Amino acid sequence: MKTAISLRQWALGALILTLIAGLVACATSPTGRTQLKIFSSSEVAQMGAAAFAEMRDQQPLITSGPLAAYVQCVADPMIRNVGGEWEVAVFDDDQVNAFALPGNKIGIYRGLLTVAENQHQLAAVVGHEIAHVLADHGNERISTQFATQAGMELAGAVASGTAHGNQVMAALGLGAQVGVLLPFSRAQETEADIMGLQIMADAGFDPRESIDLWRNMDAAAGGGRPPDFLSTHPGPSARMRVLNANMEDAIARRERARAAGRMPDCIPPQR
Ligand SMILES: [Zn+2]
């Protein structure tokens, strides 16, 4: 027996497909991955800026002195190259950690400086965080969550302007507790590693030091409390493979940067 789909069922199906097609926008990331992006850059930038403001309000900051100047010194040449307005905040917390939010926001925890021993190693982390922002990983993260059941509720809340700050913060990976960061996907991490290496090298930092940074991170993990950064990132051996595979290109980029006079000289403060 033939079962005919009623006109009403067909119309409903077509309507749902149209809604999904209108909702889901696929884009291509800088390294050629397909990305799900539901929101516009400016919407996501606004969410990121609001979440960042909340983090700044609730956690002690280091806004002046040698440590703040050092972090800014390392970030500046990379920011100059990638363009745009960026905000880099140093949090007075001994977590070995860093994070990035849409809207060009970067957070560095003081504890990171116990593992990043020199300007090149700090540049490896800052470059990696800048890469998360440039590759729009925040939008992808929120969009992916919106594709889930719980996310549809959140989508409605954002659309009607009734979303709470902590709903948006959680969607951005900031967790229920302030200061607790949730991981990006493995593919996003690999992408941030590859792009981060290029970003640091283009600014004249030594990309080979990124290997030392992850080695230090690994060593720190062996002695007592593992660095928080490792809880949200692939293991050092996985990333060293990615970094080594891209090192030749990065070294050539650094040589070109140096030839163009980009030779950063940021001195870490005495610990
Ligand atoms: Zn990352």
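Procedures and definitions
Residues numbered from 1 in each chain as written. Predicted model: local features only at pLDDT ≥ 70, side-chain atom pairs only at ≥ 80, totals over all residues. Helix = DSSP H or I, 4+ residues; strand = E, 2+ residues; numbered from the N terminus. Buried ≥ 20, exposed ≤ 12 C-beta atoms within 10 Å, placed from the backbone. Contact = placed C-beta atoms within 7 Å. Axes fitted to C-alpha atoms, helices over the stretch in contact; angles between N-to-C directions. Parallel < 35°, antiparallel > 145°, perpendicular 65-115°, else oblique. Left-handed = near helix turned anticlockwise from the far one by under 90°. Nonpolar A, V, L, I, M, F, W, Y, C, P; charged D, E, K, R; others polar. Core = buried A, V, L, I, M, F, W, Y, C linked by C-beta atoms within 7 Å. Pairing = 2+ DSSP bridges. Expected span 1.5 Å × (residues − 1). pLDDT = per-residue confidence, 0-100.

**Student:** Tell me what's going on with the overall build of the protein chain, and back it up with residues and numbers.
**Tutor:** Scanning the protein chain for helices and strands turns up 12 helices and 6 strands. Counting over 271 residues, the protein chain shows a buried share of 39%. In the protein chain, the share of contacts with a sequence separation of at least 24, taken over all contacts with a separation of at least 6, comes to 71%.

**Student:** Any chance you could break down the packing of helix H8 (residues 186–202) against helix H12 (residues 247–259) for me, citing the residues and the numbers?
**Tutor:** Put simply, H8 and H12 touch, their axes get as near as 7 Å, and they point 25° apart. In this view, H8 runs roughly parallel relative to H12, as classed from their interaxial angle. When the axes of H8 and H12 are compared, the crossing they make is right-handed. Taken together, the residues of H12 that come into contact with H8 (itself represented by Leu-197, Gln-198, Ala-201 and Asp-202) are Ala-250, Arg-253, Arg-254 and Ala-257. Looking at the contact of H8 with H12 residue by residue, the classes come out as 4 nonpolar, 1 polar and 3 charged.

**Student:** Which residues make up the nonpolar core, and what values go with them?
**Tutor:** In terms of nonpolar packing, the biggest core is built from 57 residues, with Met-78, Ile-108, Leu-112, Ala-123, Val-126 and Met-200 touching the most fellow members. Considering every element that reaches this core, the biggest residue donor is helix H4 (residues 119–134), with 9 residues. With residues up to four places along the chain from it excluded, the contact list for Ala-123 reads Val-74, Met-78, Met-200, Ala-203 and Phe-205.

**Student:** Could you give an account of unusual backbone geometry, naming the residues involved and the relevant values?
**Tutor:** The phi dihedral of Asn-104 falls on the positive side, at around 60°, and the residue is not glycine. Within the secondary structure, Asn-104 is located in the loop between strand S5 (98–101) and strand S6 (105–109).

**Student:** So, the packing of helix H3 (residues 66–82) against H4: which residues are in play, and what are the values?
**Tutor:** Running from N to C, H3 and H4 cross one another at 35°; their axes reach a closest spacing of 9 Å. In this structure, H3 meets H4 at a crossing whose hand is right-handed. Contacts between H3 and H4 involve Val-74, Ala-75, Met-78 and Val-82 on the former and, on the latter, Gln-119, Leu-122, Ala-123, Val-126, Gly-127, Ile-130 and Leu-134. Split by residue class, the contact of H3 with H4 holds 9 nonpolar, 2 polar and no charged.

**Student:** Provide a residue-level description of the sheet that holds strand S3 (residues 61–62), including the pertinent values.
**Tutor:** The strand order across the open sheet formed by 4 strands is S3-S4-S6-S5, and the pairing between neighbours is mixed. Each end of this open sheet is capped by a strand with a single partner; those strands are S3 and S5. The sheet contacts of H3 involve S3, strand S4 (87–91) and S6, and relative to S4 the element is tilted by about 145°.

**Student:** Give a detailed account of H4, specifying residues and quantitative values.
**Tutor:** For H4, built from 16 residues, the straight-helix expectation of 22 Å at 1.5 Å per residue is met to within 8% by its first-to-last C-alpha distance of 22 Å. For H4, a buried count of 16 out of 16 residues is recorded, marking the element as mostly surrounded by other parts of the structure. At the exit of H4 stands Asp-136, carrying a positive phi of roughly 60°.

**Student:** Go over the confidence of the model for the protein chain, please, and point to the residues and values.
**Tutor:** The share of residues in the protein chain with pLDDT of 70 or more is 78%, and the mean pLDDT across the chain is 83. Low pLDDT (under 50) marks residues 14–19, which in the prediction has 0 contacts with non-local residues, meaning those over four places away or in another chain.

**Student:** Give me the environment of Asp-136: which residues, what numbers.
**Tutor:** Note that Asp-136 resides in the loop between H4 and helix H5 (137–146). With 34 residues separating them in the primary sequence, Asp-136 and Pro-102 have C-alpha atoms 7.1 Å apart. Those residues within four positions of Asp-136 in sequence are excluded, and the remaining contacts are Gln-35 and Lys-37.

**Student:** Which residues make up the environment of Asn-244, and what values do they have?
**Tutor:** Take Asn-244: it is sitting in helix H11 (residues 236–245). Of the residues examined, Asn-244 has 12 C-beta atoms within 10 Å and is grouped as exposed. In this structure, the C-alpha to C-alpha distance between Asn-244 and Ser-210, residues 34 residues apart in sequence, is 9.7 Å.

**Student:** Got a sec to walk through the pairing of S5? Specific residues and values, please.
**Tutor:** Taking every second residue as pointing to the same face, both faces of S5 are buried, with Ala-98 and Ala-100 on one and Phe-99 and Leu-101 on the other. Inspection of the sheet shows S5 paired to S6 by 4 bridges, in the antiparallel sense. Within S6, the position partnered with Leu-101 by the bridge is Lys-105. Counted between consecutive antiparallel strands, the loop separating S5 from S6 contains 3 residues, among which Gly-103 sits at a positive phi close to 90°.

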